[in-house]
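# An overview of the molecular structure
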Amino acid sequence: MKKIIFAVLALVVVSGSIGYYLWTKPSEFVSDGDADFKQTIPALIKESQELKDSIFSSKYNGKSVEFDAEVESITENGMGKTLVLKSGVEDFIINANFHESNIEKLQKIVAGDKVKLQCECSGVTKPESEDDLLSEVVLNFTRCDLK
């Protein structure tokens, strides 16, 4: 009888521990915690232009980056909102994507506001050749969170 009570008690403790871990686990929809990099927009743009795509990708892709930026425009998509950030460079677009679960944080943000963001870098997209009609370079961030 004591073995059964001990087994049930152990099962309750293990189940409670797993439940507590899952309850306090950070959201997978935002990049939180300490940032891997704290950069400025001009420094990110410079690195994306100077480094080869593979080197830039291996350094930043999947890593969280904290930075300050100015909002150029806000667009809505099916899964949330995207802040298009001012880059200061012609034909260079920076997109910061927010999941729909974080949209309430963006209610008061308008074009021209300065924001501090922490996002996960999902890469830079460059035109394949200089003769491409679409000559824009796009730097994409996902799992963004306002700081």
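Please refer to the structure higher up on the page.
Structure report, in brief.

Reading the values: the criteria
- Residues numbered from 1 in each chain as written.
- Predicted model: local features only at pLDDT ≥ 70, side-chain atom pairs only at ≥ 80, totals over all residues.
- Heavy atoms only, no water.
- Helix = DSSP H or I, 4+ residues; strand = E, 2+ residues; numbered from the N terminus.
- Rg over C-alpha atoms; globule rule 2.2 N^0.38 Å.
- Buried < 20%, exposed > 50% of the residue type's maximum accessible area, 1.4 Å probe, protein only.
- Contact = heavy atoms within 4.5 Å.
- Pairing = 2+ DSSP bridges.
- Expected span 1.5 Å × (residues − 1).
- Axes fitted to C-alpha atoms, helices over the stretch in contact; angles between N-to-C directions.
- Parallel < 35°, antiparallel > 145°, perpendicular 65-115°, else oblique.
- Salt bridge = Lys/Arg side-chain N within 4 Å of Asp/Glu carboxyl O.

### Points about the overall build of the protein
Along its length, the protein carries 3 helices and 6 strands. Its helices and strands in sequence order give the protein the pattern α-β-α-α-β-β-β-β-β, from N to C terminus. Over its C-alpha trace the protein gives a radius of gyration of 21 Å, far above what one expects of a compact globule, namely 15 Å for 147 residues. A principal-axis box enclosing the C-alpha atoms of the protein has dimensions of 80 × 35 × 25 Å. Counting across all 147 residues of the protein, residues that qualify as buried make up 33%. Within the protein, residue pairs in contact and separated by at least 24 positions form 62% of the contacts whose partners lie at least 6 positions apart.

### Examining unusual backbone geometry
With a phi angle near 60°, Asp91 is a residue other than glycine that sits in the positive phi range. Turning to its location among the elements, Asp91 is positioned in the loop between β3 (80-85) and β4 (92-99). Unusually for a residue other than glycine, Arg143 sits at a positive phi of about 50°. Residue placement: Arg143 occurs in strand β6 (residues 137-146).

### Remarks on the pairing of β3
Among the 6 residues of β3, 6 are classified as buried, and the element is accordingly described as predominantly covered. Pairing of strand β2 (residues 64-77) with β3, which is carried by 6 bridges, proceeds in the antiparallel orientation. The partner of Val71 across the bridge, within β3, is Leu85. In this structure, the hairpin formed by β2 and β3 is closed by a connection of 2 residues.

### Quick notes on helix α1 (residues 2-24)
For α1, spanning 23 residues, the distance from its first C-alpha to its last is 33 Å, which sits close to the expected 33 Å at 1.5 Å a residue. The element α1 is largely exposed, with a buried count of 0 among its 23 residues.

### Topic: the packing of helix α2 (residues 41-50) against helix α3 (residues 53-60)
The N-to-C vectors of α2 and α3 enclose an angle of 140°; their axes lie 7 Å apart at closest approach. Judged on the interaxial angle alone, α3 and α2 are oblique. Only Phe56, Lys59 and Tyr60 of α3 make contact with α2, whose side of the interface consists of Leu44, Glu47 and Ser48.

### Regarding the pattern of salt bridges
Tallying each qualifying case throughout the model produces 7 salt bridges. Among the salt bridges present, the one from Lys126 reaches Asp53, with a minimum N-O distance of 3.1 Å. Placement of Lys126 in the loop between β5 (114-125) and β6 and of Asp53 in helix α3 is noted, with a sequence separation of 73 residues between them. Judged by relative accessible area, Lys126 falls into the partly exposed class, the value being 27%. Since its relative accessible area comes to 36%, Asp53 is described here as partly exposed. Within this structure, Glu70, Lys86 and Lys114 form a network of salt bridges that share partners.

Scope: geometric values only; no functional claims are made or implied.
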